[in-house]
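Structure assessment
Single-letter residue listing:
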Amino acid sequence: MKGKRSFKIVALLIIAVMLMLAACSGGGSNNNNSGGSTGNNSSNTGGQSSNNSGNSGSGSGNKAEEKPAPMKISIMIPSFSTELPDKSSPVWQRLEEYTNTDLEILFTPNSSYEDKLNITLASGDLPTIMNVGKTPSVISAARNGAFWDITDYLKDYPNLSQAHPVVLNNTSIDGRIYGVYRARTLGRMGVTYNKVWLDNLGLQPAKTIDEFYNILRAFTYDDPDGNGKNDTYGIVVSKYTGPWDIMQIWFGAPNKWGENENGELIPDFMTPEYREALKFFRKIYSEGLVNEDFAVMDSAAWNTPFVNGQAGVFVDVADNARRLNNSMQEAAPRDESYTIVTQAPVGPKGHRDMPTSGWSGMLVISKTKVKTEEELRRVLDFLDKLNDVEMKLLLGYGIEGRHYDMVDGYVVPKEDLDPALGKERNDLNQLLMFIGEQEPGYAPTPINAQIAEVQKANEAIVVGNPAEPFVSEVYAQVGQQLDNIIGDARIQYIVGQIDDAGFDAAIELWKKTGGDDYIREINELYKAAKGK
């Protein structure tokens, strides 16, 4: 009897175990068929492979797959505002939640960004992600293994795989891709005027450089604001050199490099057209038509004189006309726009303007912070998510209902937005790459229509840089010194510290410092590219 009872107990235990296993198996099966939720979770957790979802039921029963811990990511980007967000910002918090990250955003003033970047590169202690250009120090760092080569990874991500091949080529170093570019409109430049001042003086936007000069002079000496005081000037420029670079193209100077009569490439500053532009800049400076402190003005404060009614002309990207108008409307709302934006004036060599190269900086991933391929894929997944429409709207405009409203499919910024709310989103747009699906934009207001018209028309007049794709060994070694020589000489010429002889001496110093070798190398690359 005792043996039979033991047998029955064992048999009952076996049956019980079988029933339990069957129940567990059924539970796991139900999880795997619940509308694909496991796969969706994996796609939102920092680049974890969807192949892992097949194991989610193993040993877990009905327990949902655990989300990986947020990945710590540090990012160095330029800033243009003085009031910047921190982790208390709801925009920042939504960004972290959407991307499953713990972010440290290292905002660096744009005016000192290159200096900070070079110091950081020299230290070897790099953040996870950095916004960089194709400068000598960056080229050298890439060649020395500071950044991940992501050429063969981009195809694996739904947004990053849509990167434009021409722009990728422009950003490449030795034929390899080390960063995800931040896309920019090709014909983006424009001339923004204070429309109220134009109307007060009975003037129209300039169609020629002579008319442009006359507007600068009228804005300086003809009391455009009608207050009876001598307290205005023509154009505001900061130590960011963009306006000078743009305006010299109007005079016929090449875009960084141009062909001479022998079909060889020479730097822009060796052309007579560049020198004519310099003379114009010197003239408007000597006559007080541009702010005296341009060489030291922080670009973070660049908009301020225009918004405050001190200056009336702004040469930069055309879409800044909207931002300038918005700031002026906040101070004193009115039905009409305070600004009007047009194409560049026609110069002695015809209608010309400087394009973008299709990108403004690229986001590179450092090997000092990202040690493994698995970590790399999580960082790339983060960058890919920043190109989702949801993130483009969040980083570009803020939170719907808080910073803007959606009306008929268009973004409508909140009127009279509290500066504290503006701070929550300021300069987070510097994280945007604008690759992939187009996000909704502003409604076609008059100023937005002008911007779109200018940018579209510019495509026919932009002047390309024939040396854009080339990577120079010489420039990688001494490019910073070469740039400083000419950059310093240009400022000195404009403010009257040197004359033509002094600028010629700077060119000779440039040649001896490696410039001659640089020209030789660029022309070798140019001829090879042309198949000569």
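Predicted, not measured: the structure shown is a model, and the values here were computed from it.

Phi is positive for Asn-100, which is not a glycine, with a value near 55°. With respect to the helices and strands, Asn-100 occurs in the loop between helix 3 (90-99) and strand 2 (101-109). The exposure class assigned to Asn-100 is buried, which follows from its relative accessible area of 6%.

With that settled, consider the environment of Phe-107. Position of Phe-107 relative to the elements: it lies in strand 2. Sequence separation of Phe-107 and Asp-86 is 21 residues, and the distance between their C-alpha atoms is 10.0 Å. When residues no more than four places from it in sequence are discounted, the contact partners of Phe-107 are Ile-77, Ser-79, Leu-84, Pro-85, Trp-92, Asn-426, Asp-427 and Leu-428.

Along the polypeptide, Asp-427 turns up in the loop between helix 15 (419-423) and helix 16 (446-458). Of the side chains bearing the opposite charge, Arg-323 lies closest to the buried Asp-427, which forms no salt bridge; the N-O distance is 8.5 Å. Contact partners of Asp-427, with chain neighbours within four places excluded, come to Ile-77, Ser-79, Phe-80, Ser-81, Leu-84 and Phe-107.

On to the sheet that holds strand 2. Judged by pairing direction, the sheet is mixed, and its 5 strands sit side by side in the order 2-1-3-11-4 without closing on themselves. Edge strands, defined here as strands with exactly one partner in the open sheet, are strand 2 and strand 4 (179-183). For this sheet the average axis-to-axis angle between neighbouring strands, irrespective of direction, equals 25°. When strand 4 meets strand 11 (residues 359-365), the two strands line up antiparallel, connected through 4 bridges. By the bridge assignment, Tyr-181 is partnered in strand 11 with Met-362. Helix 4 (residues 113-123) contacts strand 1 (71-79), strand 2 and strand 3 (129-132) of the sheet and is inclined by roughly 130° relative to strand 3.

Moving on, we get to the packing of aromatic side chains. In total, this model carries 19 aromatic pairs according to the counting rule given. Relative to Tyr-518, the ring of Tyr-475 lies with its centre 5.2 Å away and its plane at 25°, an arrangement referred to as stacked. Note that Tyr-475 is positioned in helix 17 (residues 473-494) and Tyr-518 in helix 18 (residues 500-530), a separation of 43 residues in sequence. Both residues of the pair, Tyr-475 and Tyr-518, count as buried. Ring centres of Trp-510 and Tyr-518 lie 6.2 Å apart, and the angle between their planes is 50°; this geometry places the pair in the tilted category. Of the two residues, Trp-510 and Tyr-518, neither departs from the other in class, the shared state being buried.

Before going further, it helps to spend a moment on the side chain of Asn-458. With respect to the helices and strands, the residue Asn-458 is situated in helix 16. At 2.7 Å, the side chain of Asn-458 forms a polar contact with the backbone oxygen of Met-189. Not counting chain neighbours up to four residues away, the residues in contact with Asn-458 comprise Gly-187, Arg-188, Met-189, Gln-343 and Asp-353.

If you check which residues of helix 14 (residues 389-397) are buried, you get Met-391, Lys-392, Leu-393, Leu-394, Leu-395 and Tyr-397. On the buried face of helix 14, the contacting elements are helix 3, helix 13 (373-385), strand 12 (404-407) and strand 13 (410-413). One or two residues past the end of helix 14 sits Gly-398, with phi positive at roughly 105°.

Okay, the sheet that holds strand 5 (residues 189-194) next. Across the sheet, 4 strands lie side by side as 6-9-5-10; this open sheet has mixed pairing. Only two strands of the sheet have a single neighbouring strand rather than two, namely strand 6 (233-235) and strand 10 (339-342). Between one strand axis and the next, the sheet turns by 20° as a mean value, whatever way the strands run. Where strand 6 and strand 9 (residues 311-317) come together, 2 bridges link them in parallel fashion. What sits directly across from Tyr-233, in strand 9, is Ala-311. The sheet contacts of helix 16 involve strand 5 and strand 10, and relative to strand 10 the element is tilted by about 15°.

For the protein, mean pLDDT is 88; residues scoring 70 or higher make up 88% of the total. Counting interchain partners and residues more than four positions distant, the pLDDT-below-50 stretch residues 1-63 has 35 contacts.

On to the nonpolar core. The biggest cluster of nonpolar side chains holds 62 residues, and the ones touching the most others in it are Phe-147, Leu-383 and Leu-431. Beyond its immediate stretch of four places on either side in the chain, Leu-431 contacts Ile-75, Ile-77, Leu-95, Ile-105, Leu-363, Leu-386 and Leu-395. Residues Trp-197, Phe-269, Phe-470 and Ala-489 belong to the second largest nonpolar core, which totals 61 residues.

With 15 residues, helix 10 (residues 272-286) extends 21 Å from end C-alpha to end C-alpha; this agrees with the ideal 21 Å at 1.5 Å per step. Buried within helix 10 are the following residues: Glu-273, Tyr-274, Arg-275, Ala-277, Leu-278, Phe-280, Phe-281, Ile-284 and Tyr-285. If you follow the buried residues of helix 10, they end up packed against helix 8 (209-221), strand 6, helix 9 (242-250), helix 17 and helix 18. Gly-288 occupies a position one or two residues after helix 10 and carries a positive phi of about 75°.

Below, the discussion takes up the pairing of strand 5. Across the 6 residues of strand 5, 6 count as buried, placing the element largely inside the fold. The side-chain alternation of strand 5 yields two buried faces, one formed by Met-189, Val-191 and Tyr-193 and the other by Gly-190, Thr-192 and Asn-194. One ladder, built from 4 bridges, connects strand 5 with strand 10; its direction is antiparallel. By the bridge assignment, Tyr-193 is partnered in strand 10 with Ile-340.

Time to look at the packing of helix 3 against helix 14. Running from N to C, helix 3 and helix 14 point in directions that differ by 160°, and their axes come no closer than 10 Å. What the angle tells us is that helix 3 and helix 14 run roughly antiparallel. For the pair helix 3 and helix 14, the sense of crossing is left-handed. Together, Val-91, Arg-94, Leu-95 and Tyr-98 of helix 3 and Glu-390, Met-391, Leu-394 and Leu-395 of helix 14 make up the contact between the two elements. A per-class count over the contact of helix 3 with helix 14 returns 6 nonpolar, no polar and 2 charged.

Parameters at a glance
Residues numbered from 1 in each chain as written. Predicted model: local features only at pLDDT ≥ 70, side-chain atom pairs only at ≥ 80, totals over all residues. Heavy atoms only, no water. Helix = DSSP H or I, 4+ residues; strand = E, 2+ residues; numbered from the N terminus. Buried < 20%, exposed > 50% of the residue type's maximum accessible area, 1.4 Å probe, protein only. Contact = heavy atoms within 4.5 Å. Lys, Arg positive; Asp, Glu negative; His and termini not counted. Salt bridge = Lys/Arg side-chain N within 4 Å of Asp/Glu carboxyl O. Pairing = 2+ DSSP bridges. Axes fitted to C-alpha atoms, helices over the stretch in contact; angles between N-to-C directions. Phe/Tyr/Trp six-rings, centres within 6.5 Å; stacked < 30°, edge-to-face > 60°. Polar contact = N/O pair within 3.5 Å; in protein donor to acceptor, adjacent residues only side chain to side chain. pLDDT = per-residue confidence, 0-100. Core = buried A, V, L, I, M, F, W, Y, C linked by side-chain atoms within 4.5 Å. Expected span 1.5 Å × (residues − 1). Parallel < 35°, antiparallel > 145°, perpendicular 65-115°, else oblique. Left-handed = near helix turned anticlockwise from the far one by under 90°. Nonpolar A, V, L, I, M, F, W, Y, C, P; charged D, E, K, R; others polar.

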